[in-house]
Amino acid sequence: MQERSPRRPWKRTAVALVTALAFGWLSSGSCQVSYCSEDCDPCVVQCRCRTSACYYSSSTLQALHTLKLYERSEGYAAEGELHQSFSDIRGLSVQLVGGPPAPEVADCVRFARGVLSVNAALFARPGAAGEFDLVQAHASDTGALVQFQRERDGRATDLVTLFFDPRGSLLQIDHDARDSTN
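1. Describing the environment of Leu-122
Turning to its location among the elements, Leu-122 is positioned in helix H4 (residues 120–123). In sequence terms Leu-122 and Gln-84 are 38 residues apart; their C-alpha atoms lie 9.7 Å from each other. Leaving out residues up to four positions away in the same chain, Leu-122 has contacts with Leu-67, Tyr-70, Arg-72, Gln-84 and Phe-86.

2. Some thoughts on unusual backbone geometry
Of note, Asp-88 is a non-glycine position whose phi angle comes to about 50 degrees, a positive value. Looking at the element boundaries, Asp-88 is found in strand E2 (residues 82–90). On the basis of relative accessible area, Asp-88 is assigned to the partly exposed category, the value being 41%.

3. A word on the nonpolar core
Membership of the largest hydrophobic core comes to 24 residues, with the highest contact counts inside it found for Phe-111, Phe-123, Phe-148, Leu-162, Phe-164, Leu-170 and Ile-173. For this core, the secondary-structure elements that each account for two or more residues are E2, helix H3 (105–118), H4, strand E4 (143–152), strand E5 (155–164) and strand E6 (170–177). Considering every element that reaches this core, the biggest residue donor is H3, with six residues.

Thresholds, definitions, all that
- Residues numbered from 1 in each chain as written.
- Predicted model: local features only at pLDDT ≥ 70, side-chain atom pairs only at ≥ 80, totals over all residues.
- Heavy atoms only, no water.
- Helix = DSSP H or I, 4+ residues; strand = E, 2+ residues; numbered from the N terminus.
- Contact = heavy atoms within 4.5 Å.
- Buried < 20%, exposed > 50% of the residue type's maximum accessible area, 1.4 Å probe, protein only.
- Core = buried A, V, L, I, M, F, W, Y, C linked by side-chain atoms within 4.5 Å.

Below, the structure is given as structure tokens:
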């Protein structure tokens, strides 16, 4: 005949206590488990995960700021000013470069500088030299306006105005260029 080992009542009590505490803790609503896994590239699309990070190469940055799809119109004023307008712009947005869903005016300014830098050939003309300087930036419920100016010999030669919608999509660019010979 085999001898039975004495039961250990403290072991059962400990297991019951741990089970009751775990059940109470998990069902109390004080526990929040978050996990985010998605198959998206934060450099190209706005991902839903808040932990997505993006480090851009120069070629990626150039691709995300290049004007590709747009309508272009241009004309000359009586004073010799060239006015060109890039409208119906598609595919350029502050969000696509990792900006927030509702960008601040500073985000739009940063993005606009990238657009001007990458698309410098569209704003280049004889007699125009130097970089664009920020003149003003305003945000409202309907979007944001960012305006840059380029000077030569102390007078403005180019004025570029970029218009954004409230989500940070670039809608239109107006470029007024004064004749440098006047």
